[in-house]
Amino acid sequence: MTQTAARFVPFGTTIFATMTALANKHKAVNLAQGFPDFDGPDLGKQAAQQAIIDGVNQYAPLAGLPMLREAIARWSADYNNLPCDPATEITVTNGCTEAIAAAFLGLVNPGEEVILFEPFYDSYRAAVAMAGAIPKFVTIKPSSNGFTFDPEDLKAAFSEKTRAILVNTPHNPTGMVMTDEQLTLIADLCKKHNTIAFSDEVYERLTFDGHTHRSIATIEGMRDRTVVMSSLGKTFSLTGWKVGWAIAPPELTAGIRAAHQFLTFSVPGPMQIGAAALLDNARDEVDRVSKHYTSTRRILCEALSELGFKVHAPEGAYFIMAEHHHVSERLGLKTDIDLCTWLPEHAGVAAIPPSAFYDNPVHGAGFVRFAFCKKMNTIDQAIDRLRLALRT
Ligand code: GLN
């Protein structure tokens, strides 16, 4: 008999932990969990180490160290055209995942409706459950020109009970980067239904083929009803630091802080000092990392296509969401779970079964997600192994 509270029972163990454990068991190349197998810039690591030595070892302020909030404000103004007040509009959180939980817990009441695009990053669904809110889903599907959603589905998901919509662009796992037209449609519906937008922008700096990121907060009328959430992890290849932030007008920030103070209270000070150093002084890392991912993305996309996967080249983020039916049929397998269970053991490569990212898992059963945020060597090794195991 499970002792786990009912609100978490439907979610089991997160697919990221499950697949990394399976990868380790079979010594497989881990293209499952999205973390780089290299570190971010030394200057951040040195600043954090120095801060520990200098005695920044007691609680940081609950909203975050002022020097980091000021660095985030500069970053947000420079890259996202979104100036903000560090004192009243920024909260530093334990990664974007905590910002999302704090936004749901601090701003959504039980019984209110929340719109999620599926496939979704799995913590969204759990955060909705923690808040006792009711999720409504809009499905992102492949089209002739990348992934997209049907505007009619979106309109139908809104009601007078819609408190919030979670927007994630660039999108994990599909790589969709929302266009101005899509953002404007969401914005119009938010204004019409008095809905707030929770905008997860952690892949903000990782876009390809001329696609560019725009925050929904910069669409007219949205600044006052948007919580922009992002983090250091993806841009600076430091996912384990868990330094994130939420930017929102003062009334929404008050709700986020109300929850954040009782979830974690504050974020480790030395990591905040390292983060501030990176945001201000390691901006060339943005170019370096996006050049690298441009190459790993191209090489992995080509290899997967050759092997029989149907690949939709991602516009942003660092995942490839491929259709696998040709490959699976050859192997006598059916679903994403079958394939992702088979791959680590027989090919020595791990990937994510995306059905975990759908309300109705059947919608995700035809896809498999590969991460390309890895060293070129790692990608080459994964491709060699896949070729050996999947060659027809
Ligand atoms: N965001 C990462 C991914 O999508 C992993 C997050 C996690 O492991 N919790 O793979």
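For the structure, see preceding data.
Residue numbers restart at each chain and count upward from 1, following the sequence in its written direction. It should be noted that, the model being predicted, local features are given only for residues of pLDDT at least 70 and side-chain atom pairs only at 80 or more, the latter also being counted only at that level, while totals for whole chains, interfaces and linings use all residues. Calculation of side-chain values draws on the structure's entire complement of heavy atoms; hydrogens and water are dropped beforehand.

Draft legend 1. Geometry of the site of the ligand. A cutoff of 4 Å decides nearness: a residue is near a molecule or strand if any of its heavy atoms lies inside that distance of it. Surveying the vicinity of the ligand reveals the residues Phe-16, Gln-33, Gly-34, Tyr-121, Asn-172, Tyr-203, Lys-234, Phe-319 and Arg-369. Here a polar contact is recorded for every N or O atom pair within 3.5 Å, except that within protein the pair must consist of a potential hydrogen donor and a potential acceptor, and residues adjacent in sequence are included only if both atoms are side-chain atoms. Between the ligand and Asn-172, the relevant distance is 2.8 Å, taken from an oxygen atom to a side-chain nitrogen or oxygen of the residue. A distance of 2.7 Å separates an oxygen atom of the ligand from a polar side-chain atom of Arg-369. Computed with the Shrake-Rupley method and a 1.4 Å probe, the accessible areas treat only the protein chains shown as cover for residues. Relative to its unbound accessible area of 300 Å², the ligand is 81% covered by the protein chains. Residues are called lining when one of their atoms sits within 4 Å of a cavity or pocket point, these points coming from a 1 Å grid over the protein atoms alone, where a cavity is a set in which a 1.4 Å probe fits but cannot get out and a pocket is an open set with protein on both sides within 12 Å along at least five of seven lines. Those molecules having more than half of their atoms within 2 Å of a cavity or pocket grid point set are described as sitting in that cavity or pocket. More than half of the atoms belonging to the ligand lie within 2 Å of the grid points that define the largest pocket.

Draft legend 2. Spatial organisation of the layout of surface pockets. Taken as a whole, the largest pocket holds about 510 Å³ of empty space. Lining the largest pocket are 29 residues, and of these Gly-34, Thr-97, Tyr-121, Lys-234 and Lys-242 lie nearest its centre. At the level of elements, helix H4 (95–107) and helix H5 (122–130) are the ones that each hand at least two residues to the lining of the largest pocket. Grid points are joined across faces, edges and corners, and a volume is the space filled by probe spheres set on the points. Taken as a whole, the second largest pocket encloses approximately 350 Å³ of empty space. Lining the second largest pocket are 16 residues, with Pro-10, Phe-11, Asp-122, Arg-125 and Ala-356 sitting closest to its centre. Broken down by element, the residue count for the lining of the second largest pocket peaks at 3 residues, all from H5. Polarity classes work like this: nonpolar for Ala, Val, Leu, Ile, Met, Phe, Trp, Tyr, Cys and Pro, charged for Asp, Glu, Lys and Arg, and polar for all others, with Gly in that last group. The class makeup of the residues in the lining of the second largest pocket is 9 nonpolar, 4 polar and 3 charged. Here a strand is any run of E in DSSP of at least two residues, a helix any run of H or I of at least four, and the numbering for each starts at the N terminus.

Draft legend 3. A look at the sheet that holds strand E9 (residues 243–247). Taken in spatial order, the 8 strands make up an open sheet running E2-E9-E8-E7-E6-E3-E4-E5, and their pairing is mixed. Lying at the two open borders of the sheet, with one neighbouring strand each, are strand E2 (90–94) and strand E5 (146–149). Sheet twist, expressed as the mean angle between neighbouring strand axes with direction ignored, is 25 degrees. Strand pairing is assigned whenever DSSP identifies at least 2 bridges connecting the two strands. Inspection of the sheet shows strand E3 (residues 113–118) paired to strand E6 (residues 162–168) by 4 bridges, in the parallel sense. Bridge pairing in E6 places Glu-113 opposite Thr-162. Lines fitted to C-alpha atoms define the axes here, with helix axes fitted over just the stretch in contact, and angles between the N-to-C directions of these axes take values from 0 to 180 degrees.

Draft legend 4. Quick look at the state of the cysteines. By disulfide we mean two sulfur atoms from cysteines, separated by a distance within 2.5 Å. Taken as a whole, this structure holds 0 disulfides when the rule is applied. Of all cysteine sulfurs, the one in Cys-373 lies closest to Cys-340, which takes part in no disulfide; the gap is 15 Å. Relative accessible area serves as the criterion here: at 1%, Cys-340 is assigned to the buried category. In this model Cys-373 remains outside any disulfide bridge; the closest cysteine sulfur is found in Cys-301, 14 Å from its own. Partly exposed describes any residue whose relative accessible area lies between the buried limit of under 20% and the exposed limit of over 50%, with all areas from a 1.4 Å probe on protein chains only and scaled to the type maximum.

This is a description of form; function is not addressed.
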